[in-house]
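Read off the chains here:
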Amino acid sequence: MAEAMIEFQSVTKTYQGGQPAVDDLTMSIDKGKITVFVGPSGCGKTTSLRMINRMVEPTSGTLTVDGRDVTSVPAAQLRRSMGYVMQSSGLMPHRSVLDNVATVPRLNGVSRAAARQRSRELLDVVGLDPDLGRRYPSQLSGGQQQRVGVARALAADPPVLLMDEPFSAVDPVVRDELQKELLRLQRDLAKTIVFVTHDIDEATVLGDKVAVFAGGGKLAQYATPEEILRAPANDFVASFVGRDRGFRHLAFSPSDGVTIHPVDTVRTGELDGPDRAAADRWQLVVDDGGRPLGWSAPGAGAAIVPGGSLFRKGETLRRALDAALSSPSGLGVAVDPDGRVAGVITAEEVLAVIEADRRLRQGVG
């Protein structure tokens, strides 16, 4: 059984004259894992997060971090012991990136030189060029600012990282990159992360466990993403997760039954050759290392058509289906761990495996 890092015990938050923002919340958050709070606007998820570092004080109940009641620790000291990332990065505009990241170490008494060196290291950790440290926040893109916000939250090496809708203000492509970056960081650092989002897709991608909050600050379900998608606890969770949860569930279904077929390949230097000119079928264009670059359509000469997403052997059915459906040739490209072409998959065969998987889950012979 996983060790609990944060525990809510009958925690309630009621603002003066109003209904509870959080109502009798009891839950244990596992050490070294990502726990996601998700739910509609006004359901209490952000209030619950902010009670962990006492940005919001609970009305009743007990909240402990690593066995210690948070109310027994001075609020400022408690906050400096945790990382905090918010939606709008919260960077100080008049300070350089390096000095923004160094904020908490400096408050904790670390010398300016040592704090700045730590900042440079952390920029590299979050996937930014350390040379960006000389710039000011206004000179960075939204995605870069959020990475700096994550670096700042990690600067004092806190055991707990609180993230309040940190990726919701960036475009979908950047958001996907930031999600992948967070998962990479978590594999390396194993922090206890509490992450708030209103997006069930983001919750199921990131969370080791997901807490779904309903209106009135009630916890509706707390379980692994797979369990929430497969077996919503009640009508509210089923409605919030959405009717397409059966498709989302593919993100947890192995693709072992999908057949990978051989594929004709052509190198870029061969696209103008006579053999290619006479080709009456799609061919996969690869570089000299056997990595896919795109497709060459029948009779298209030297033109390369973008190839859609890639499927790595061992990934899920959802990834397999996405690769097949996004390919202009109708053939999803499968690659090995080094990114070299392993073959192709067809949408028809992936859908057949999905149907067999569905029937198996439902106990249909």
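Here, the structure is the one placed above.
The following paragraphs examine the structure supplied in this document. (Residues numbered from 1 in each chain as written. Predicted model: local features only at pLDDT ≥ 70, side-chain atom pairs only at ≥ 80, totals over all residues. Heavy atoms only, no water.)

### Remarks on the sheet that holds strand E3 (residues 34-38)
Right, on to step 1. Taken in spatial order, the 6 strands make up an open sheet running E6-E7-E8-E3-E9-E10, and their pairing is mixed. Taken across any chain shown, the strands that pair with only one partner, and hence form the sheet edges, are strand E6 (82-85) and strand E10 (218-223). Going across the sheet, the axis of each strand differs from the next one's by a mean of 15°, ignoring polarity.
Right, on to step 2. Where E3 and strand E9 (residues 209-214) come together, 4 bridges link them in parallel fashion. What sits directly across from Val38, in E9, is Val212.
Right, on to step 3. In the packing of helix H6 (residues 142-154) onto the sheet, the strands contacted are E6 and strand E7 (160-164), and the crossing angle to E6 comes to about 165°.
Right, on to step 4. Across the sheet, helix H7 (residues 172-189) touches E3, E7 and strand E8 (192-197), and the angle it forms with E8 is around 160°. (Pairing = 2+ DSSP bridges. Helix = DSSP H or I, 4+ residues; strand = E, 2+ residues; numbered from the N terminus. Axes fitted to C-alpha atoms, helices over the stretch in contact; angles between N-to-C directions. Contact = heavy atoms within 4.5 Å.)

### A few points about the packing of helix H5 (residues 112-125) against H6
Right, on to step 1. The geometry of H5 relative to H6 is characterised by a closest axis approach of 9 Å and an angle of 130° between their N-to-C directions. Between H5 and H6, the crossing angle belongs to the class labelled oblique. For the pair H5 and H6, the crossing hand works out as right-handed. Contacts between H5 and H6 involve Arg118, Leu122 and Leu123 from the former and Val148, Ala151 and Leu154 from the latter.
Right, on to step 2. Partitioned by chemical class, the residues of the contact of H5 with H6 number 5 nonpolar, no polar and 1 charged. (Parallel < 35°, antiparallel > 145°, perpendicular 65-115°, else oblique. Left-handed = near helix turned anticlockwise from the far one by under 90°. Nonpolar A, V, L, I, M, F, W, Y, C, P; charged D, E, K, R; others polar.)

Scope: geometric values only; no functional claims are made or implied.
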